[in-house]
Structure formats: structure tokens, C-alpha cells
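What the coordinates show
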Amino acid sequence: MKSATPKVLHDICGRSLVGHVVAASRELDPEHLVVVVGHAREQVTAHLADIDAGVRTAVQHEQNGTGHAVRMALEELGGQQSGTVVVVCGDTPLLTGETLAQLTRTHEADGNAVTVLTAEVPDSTGYGRIIRGADGAVTAIVEHKDATDSQRAIREINSGVFAFDGALLADALGKVRTDNSQGEEYLTDVLGILREAGHRVGAAVGGDHRQILGINNRVQLAEARALLNARLLEQAMLAGVTVVDPASTFVDVTVTFGQDALIHPGTQLLGATHVAEGAEVGPNTRLKDTQVGPRARVDNTVADTAVIGESASVGPYAYLRPGTNLGLKAKAGTYVEMKNATIGEGTKVPHLSYVGDATIGEYTNIGAASVFVNYDGEHKHHTTVGSHCKTGSDNMFVAPVTIGDGAYTAAGSVITKDVPPGALAVARGQQRNIEGWVARKRPGSAAATAAQSVVREDSDPR
């Protein structure tokens, strides 16, 4: 990956590569879930603890092959395990729980000692080839680097995903040799060992070969992201969501939708974002961990950890920062930024304003170019504006300050004191006009000439 980040911690669609595999594995409801870690194990182990507290880790101090890795996992569990043991690669984020369930059903129904998940792929370069006998049974898996020319022509490949009879697995792993080009313990050699012992070796062919794609560089990372994003959008559309342009719309696996949500082009929906029924989002909008209420409209907006209420309106060109909560039919309009602000039902902040650390009541209108001055250089302070207030344009509310219900504030005011309910607050200097100032101070200027022409016209007796 040419990265300081371990491969399995690279992210697609809101989860790490290993996080996707853990989530798919959890759908089997396993008794134990063990992740074998080696390179950068401290980072990987900490990440696993964050995403799934039930995951156990087994350390592979030396990377001696896939068979050795599975031996480390079994040792972490105390050795031989009864029941079915499923082995999955940590860099296959497209694999689904449904496919893993299909594998285990086939394995147990056929009474196999081991069942390998296989796939027919257009290009099998780099994959282990499935070798079948005359009866169609799996006789061996040959790694690409060890395969003959005729074996390399085979298109059925090993996915790296297996279901084993746990009672037979540990003993077979102890018989794996290292006489191959890499000097490693190949898990695939277990198939031949079990077959020679008279046990049944079977295969379950996956329906979509793309599910087993592994990630080894950033080109493959981007390809997998595109495939997963398309899958997520298809699921949303089939469930009743309109996505106008899937090619320019990006979602995380944790995003949810209500029926008849409408997503316009250029939209990114990330984290735990939910778009409720009938809501309209985009174009050119990025929402992270944001709740969009029914029939709300969000246009050309960036929002992070915000709540947008039912039938509320946001944008265009708005920025909702963490802690913003817009009530029913509230509005955060053009070039409005909000942070840690609760906006009541029907209240409007239409344009060119900053509202930070504030509570605003119902059906209040905040005038254009208003600023809630919440920071004194060391501490944040809170502003409260009541219900049914009308504040003038170009107001500064210097927190902490309270504007009572039904109060008005005059345009251009700097509000530093509380305003009683129903009062009008005026906090600005008196206007003073100095006649003839331009002619005296800027003689000969264009302004002076323009002013003088008006004076002549006004004095013309005609």
C-alpha cells in the first residue's frame, strides 16, 4: 500500500478492510471470533477493540504462512475446536455474511472435512488454482507461483475462505510441510492431507467472484470502494430511495434511508447519517453522522453530527457543525454557519450569519449578517434568544446575553446586555451628517464633482 497505515486498516465506505470482514463474520453468530495479527499488531489490535469488543486476537510473530496463522488462532482458543471453523482473509471487504452462510450450509450438509469457497474469475493471475479430480472433487489447491503452465490456465480459483471440521483441522495443520517456493506453511495443503486420510473435500462456488477480491494496492482499494458503493446504492434504490446519479453519489455502509428519500448528484453520506422519508439531499452536499428529518431539504451543505428536523430547510452553502439541532420547519439559509445551537420550530436564520453556542426559541427571525459572539479568547459563552423575536440585520450578540420573548433588536446593534421580553434594543451610535465635507476635504475629486452637479440642479430656478 506504500502507507504508514497497515493495509487492513485502510477504509472503504466507512469501515476498515478488516472491519468489513469482521462484520460479515459476525453474521454467522460465531462462538469465537479470532483475528490473527502480525505486522503493526498494536494498531490493528487497538482498532479491533474499538469496533468489536468481542474479537480475540492471536499474534503471529513470524509470518510463516497461512497454515501457521491458523495454528496461532487455534492455540489462542486452547487447541482443537469442535464444530465448524471458518477461515477468512482480512483484506476481502466485499465478502458478505450471506456468502459465508452459504459456505457453512454446504459444508455441513455435505459432511465435508473441509469446504473451500471458490470462484470463476476472468483473470486468475496471482490466485491459487482449484485442482479437481475426474469426479469433480477438489484434489488440491496450487498457488500461482508453484503452478505449472496448464494449471495456471485454470480459471476456478481459491478465495482463501474455508470451512473446516474443527476436530480434524488441528491434527492436519501439524502435518503441513514447508517444502515449497516460499518455505511457508500453506493452509491449502490441509486439503490434500485430509483427502489422503480418506476424508471428503468439497467446494462451494460463490455466485459473484468480485466478493473475494483482495486488496494489495490503492488501485484495488479504489476498485473495491466503487463496487461496494454501487452495491449500497443499489440496495437503497431497491428499497425505495431515488438516487439521481449513482456515479457521483457516495455512501457509507452505516448510512440508512427512509422511503422516498431523494439524493441529488455530488452527495456524500457518511457515518451514522440517516435520511428520513421524503427528505431531499443535495446536490453537492456532505453529511456525516447527521440526522435528516422527514421532508427536510438540504442543499449544497456540509454538516457534521447535526440534527435537521422535519420539513426543515438548509442551504445553499450552509455549514452545520456538531451540536446543531434544527427544529420542525426551521431554516439555516445561505452562507449560514451553526455550531452547538438549538433552533426552535419555525425559526429562520436566512443568510450570512454565524450562530454558535446558542438557543433560539420558536418562530423567531434572525436578521442577515448576524454574529453570535460566543468566544472571549479563553471561554465559550451561551446566547439565548426567545420565541417570536425579530432581530435586525448586522447584529452582534455578545454572549452571555438573553433576548426575551417577542423582543426586537435594531439593525447594526451590538447587543451586550439582556433585552426584556417585548422590548426594542438599540445599541448603535447616532447618525450625524456633516454638510459639505466632500467639497472641503476632497476638492476636485469625482465625488465632489458629482455632489456639486446635484447642488446646481437643486438650485436651478427652472
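Per chain, the residues get numbers from 1 upward, laid out in the order the sequence is written. Only residues with pLDDT of 70 or above have their local features reported here, since the model is predicted, and side-chain atom pairs are shown and tallied only from 80 upward, although totals for entire chains, interfaces and linings are computed over all residues. For the side-chain quantities, the full set of heavy atoms in the structure was used; hydrogens and water were omitted.

1. Some words on the layout of surface pockets
- Estimated volume of the second largest pocket: approximately 380 Å³.
- Here a cavity denotes a set of grid points, spaced 1 Å apart and computed over the protein atoms alone, in which a 1.4 Å probe fits but from which it cannot get out, and a pocket denotes an open set meeting protein on both sides within 12 Å along at least five of seven lines; residues with an atom within 4 Å of a point are reported as lining. Lining the second largest pocket we find 21 residues, and of these Arg-15, Leu-228, Leu-232, Gln-235 and Val-253 sit closest to its centre.
- Secondary structure follows DSSP: runs of H or I at least 4 residues long count as helices, runs of E at least 2 residues long count as strands, and numbering of each begins at the N terminus. Mapped by element, the contributors of at least two residues to the lining of the second largest pocket are helix H1 (17-26), helix H4 (97-110), helix H8 (218-238) and strand S13 (256-257).
- Residues are grouped as follows: nonpolar covers Ala, Val, Leu, Ile, Met, Phe, Trp, Tyr, Cys and Pro; charged covers Asp, Glu, Lys and Arg; every other residue, Gly included, is treated as polar. Of the residues in the lining of the second largest pocket, the class split is eleven nonpolar, five polar and five charged. Grid points are joined across faces, edges and corners, and a volume is the space filled by probe spheres set on the points.

2. Some points on the packing of aromatic side chains
- Each Phe, Tyr or Trp ring (for Trp, its six-membered ring) is paired with any other whose centre lies within 6.5 Å, and the angle between the two planes then decides the class: stacked below 30 degrees, edge-to-face above 60, tilted in between. This structure, assessed with the given rule, holds three aromatic pairs.
- Plain terms: the ring middles of Tyr-317 and Tyr-335 are 5.4 Å apart, the flat faces sit at 20° to each other, and that makes the pair stacked. In this pair, Tyr-317 sits in the loop between strand S23 (313-314) and strand S24 (318-320) while Tyr-335 sits in strand S26 (residues 331-343), placing the two residues 18 residues apart along the sequence.
- With a centroid separation of 4.9 Å and 40° between ring planes, the pair formed by Phe-372 and Phe-397 is classed as tilted. Placement of Phe-372 in strand S29 (residues 371-373) and of Phe-397 in strand S32 (residues 396-398) is noted, with a sequence separation of 25 residues between them.
- The class of Phe-372 is buried, set by a relative accessible area of 0%.
- Judged by relative accessible area, Phe-397 falls into the buried class, the value being 0%.
- Note on criteria: charge over ring means Lys NZ or Arg CZ within 6 Å of the ring centre, with the direction from the centre no more than 35 degrees off the ring normal. Positioned above the aromatic ring of Tyr-375, the side-chain terminus of Lys-380 is 5.5 Å from the ring centre. Exposure categories follow from relative accessible area, calculated using a 1.4 Å probe and restricted to protein chains: below 20% of the type maximum is buried, above 50% is exposed, and the middle band is partly exposed.

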